[in-house]
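In case you want the letters, here they are:
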Amino acid sequence: MKVHGFVFEKAGPPTVMKWRILDLPDPGPNEALVRHTAVGLNYIDTYHRSGLYPLEFPSGLGLEAAGVVEAVGKNVTHVRKGDRVAYGSGPLGAYAEARVMPAHVLIKLPKGIEDDQAAAMMLKGMTVEYLFNRTYKVKPDEWVLFQAAAGGVGLIAGQWLAAIGAHGIGTAGGPKKVKLAKEHGYEHVIDYKKTQNIADRVRKLTKGEGVPVVFDAVGKDTWTQSLNSLKARGLMVSFGNASGPIDAFSLGELASRGSLYVTRPSLVTYTSTRDELEKSARALFKMVTSGAIKIEINQTYPLKEAPQAHRDLEGRKTTGSTIFIP
Ligand code: NDP
């Protein structure tokens with residue numbers, strides 16, 4: 001079966017992504033053929049494309065999509081032809097009209113979750129689930145600092161914090177993004193284009209104490225301010241690098257700020273078993289179907305225009321989630 005999709009043979013700017021005809025085999029044992037109805041854009045796609053996260057070439061791109069199962073191979077019992085499914089933990093190759101893929105990452109979509117929503121939230125929403133439930137169990141009334149609050153993960157995170165009853169402090173670039181983040185659960189949002197010293201603001205908001213946990217996927221530009229915002233024995237959760245990777249640092253920096261902890265988690269390790277994956281997806285579906293979290297799809301592109309979407313995401317022009325329609 002022939003379909004269109006993106007492949008690339010070297011890392012680089014968005015122009016390395018090539019729209020090609022892909023020849024799909026029949027699904028083998030433990031595999032499924034999925035026709036995509038919507039594909040998710042994630043910041044990690046730009047790290048794969050740019051070479052920040054090295055890959056073997058040629059490679060597909062994209063880790064998140066929703067669609068319909070068209071065929072399954074031997075041993076596949078949890079999904080069948082005709083099922084609506086989604087995935088958010090790879091493997092690479094979601095930027096395609098259809099694909100043959102390992103069936104164990106597929107989650108059946110319940111009523112009440114649309115395909116577009118699923119493509120916009122599986123990776124980002126399961127990330128918020130593991131960050132707030134399992135990397136650090138956020139409790140009601142706790143103060144939390146979340147960097148890049150108006151992005152795809154950020155808007156889900158703000159609403160999730162509000163649902164827990166925690167006090168979310170977000171950061172975002174510019175007044176429009178600040179307003180949007182405030183509308184999505186954050187109690188306070190700091191415009192880091194205007195305010196250089198985020199940590200000072202955080203200390204003021206927390207009566208001098210600092211926050212017990214920071215979630216920071218901006219990376220290089222916010223690292224020091226994030227550490228300075230923590231209270232003694234607080235946890236720095238560094239889960240991405242939109243502004244660039246973090247330079248080497250001395251462990252002494254953790255001691256001098258009050259015996260801090262640091263972790264660098266990734267979704268793959270928190271959904272490595274089928275049980276963990278299903279529980280994470282179920283928790284996310286519950287948040288969305290209950291109305292606690294609304295998934296904001298603020299940009300939609302034809303799949304073929306994915307290179308432009310990469311430019312817009314890296315140019316900080318997007319807010320909330322972005323999807324592609326094949
Ligand atoms: P976003 O929609 O949040 O886009 C990234 C945002 O980062 C931008 O909109 C921008 O918001 C902010 N930003 C700050 N500095 C820069 C910069 N120099 N260049 C570009 N953007 C910058 O992306 P996602 O929701 O897809 O992902 C958010 C982050 O979470 C990413 O770093 C991603 O890698 C990470 N992530 C990590 C996972 C994990 O398990 N470890 C899983 C999922 C995501 P503003 O203009 O407001 O600053």
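> What's the story with the site of the ligand in this structure? I'm lost.
In the region of the ligand, 28 residues are neighbours, and Y47, Y130, K177, Y192 and R316 sit closest. Across the complex, the protein chains shield 92% of the 900 Å² of accessible surface that the ligand would expose by itself. Sort the elements by how many residues they give to the shell around the ligand and helix 2 (residues 115–135) lands first, with three residues. Residue composition of the shell around the ligand, by class: 15 nonpolar, nine polar and four charged. Taken domain by domain, the shell around the ligand gets at least three of its residues from each of domain 1 (2–121 + 297–325) and domain 2 (140–264).

> Quick question: what am I supposed to make of the pairing of strand 12 (residues 230–238) here?
The side chains of a regular strand alternate between both faces of the sheet. With five bridges connecting them, strand 11 (residues 211–216) and strand 12 associate as parallel partners. Residue pairing in the sheet places V214 in a bridge with M236 of strand 12. A crossover links strand 11 with its parallel partner strand 12, the connecting element being helix 6 (residues 223–228), and its sense is right-handed. The pairing of strand 12 with strand 13 (residues 261–263) spans three bridges and is classified as parallel. For V237, the partnering residue across the bridge sits in strand 13 and is T263.

> In this structure, what is going on with a positive patch on the surface? I would like to understand it.
There is a patch of like positive charges on the surface, built from K182, K194, R201 and K204. Owing to a relative accessible area of 68%, K204 belongs among the exposed residues under this scheme.

> Would you take a moment to explain the nonpolar core for this structure?
In globular proteins that are soluble, nonpolar side chains generally tend to be buried together. F132, V138, W160 and F215 are the most contacted members of the largest nonpolar core, which totals 54 residues. Breaking this core down by element, the ones donating at least two residues are helix 2, strand 8 (143–146), helix 3 (152–164), helix 4 (175–182), strand 11, strand 12, helix 8 (267–270) and helix 9 (274–289). In terms of residue count, helix 2 provides more of this core than any other element does, 11 residues in total. Residue-level mapping places this core at the junction of two domains, with at least three residues from each of domain 1 (2–121 + 297–325) and domain 2 (140–264). The residues touching W160, leaving out its near neighbours within four places in the chain, are G125, V128, E129, F132, N133, A283, L284, M287 and I293. V34, L41, V76 and A103 belong to the second-largest nonpolar core, a separate cluster that totals 27 residues.

> Any chance you could explain the domain arrangement of the chain here in plain terms?
Put simply, an interface is often sized by how much accessible area is lost when its parts join up. Assigned domains of the chain: these are domain 1 (2–121 + 297–325) and domain 2 (140–264). Computed over C-alpha atoms, the centres of domain 1 and domain 2 are 30 Å apart. With 11 residues of domain 1 in contact, the opposing surface of domain 2 contributes 14 residues. Taken together, the two surfaces of domain 1 and domain 2 that pack against each other cover about 840 Å², and 52% of this comes from carbon and sulfur.

> Even after reading the chapter, I still don't get the sheet that holds strand 9 (residues 167–172), so can you show me in this structure?
Two pairing modes exist for strands in a sheet, parallel and antiparallel, and in both the strands are linked by backbone hydrogen bonds. Pairing is parallel across the open sheet formed by six strands, whose spatial order is 10-9-8-11-12-13. On the outer flanks of this sheet lie strand 10 (188–191) and strand 13, each paired with one strand and no other. The mean angle between the axes of side-by-side strands here comes to 15°, regardless of whether they run parallel or antiparallel. Together, strand 8, strand 11, strand 12 and strand 13 form the strand contacts of helix 2, whose direction differs from that of strand 12 by roughly 145°.

> Would you explain the pairing of strand 4 (residues 65–72) in this entry?
Sheet analysis places strand 3 (residues 31–41) next to strand 4, joined by seven bridges and oriented antiparallel. Pairing of L33 across the sheet is with A71, part of strand 4. In terms of strand pairing, strand 4 meets strand 5 (residues 84–87) through four bridges, oriented antiparallel. Within strand 5, the position partnered with A66 by the bridge is A86.

Rules of the game
Residues numbered from 1 in each chain as written. Predicted model: local features only at pLDDT ≥ 70, side-chain atom pairs only at ≥ 80, totals over all residues. Heavy atoms only, no water. Near = heavy atom within 4 Å. Areas by Shrake-Rupley, 256 points an atom, 1.4 Å probe, with all protein chains shown as cover. Helix = DSSP H or I, 4+ residues; strand = E, 2+ residues; numbered from the N terminus. Nonpolar A, V, L, I, M, F, W, Y, C, P; charged D, E, K, R; others polar. Domains from an automatic or database assignment. Pairing = 2+ DSSP bridges. Right-handed = clockwise from strand over helix to strand, strands pointing away. Patch = residues over 30% accessible without salt bridge, like charges linked within 9 Å, V, L, I, M, F, W, Y side chains within 5 Å. Salt bridge = Lys/Arg side-chain N within 4 Å of Asp/Glu carboxyl O. Lys, Arg positive; Asp, Glu negative; His and termini not counted. Charge placed at Lys NZ, Arg CZ, Asp CG, Glu CD. Buried < 20%, exposed > 50% of the residue type's maximum accessible area, 1.4 Å probe, protein only. Core = buried A, V, L, I, M, F, W, Y, C linked by side-chain atoms within 4.5 Å. Contact = heavy atoms within 4.5 Å. Buried area = accessible area lost by both parts, 1.4 Å probe. Axes fitted to C-alpha atoms, helices over the stretch in contact; angles between N-to-C directions.

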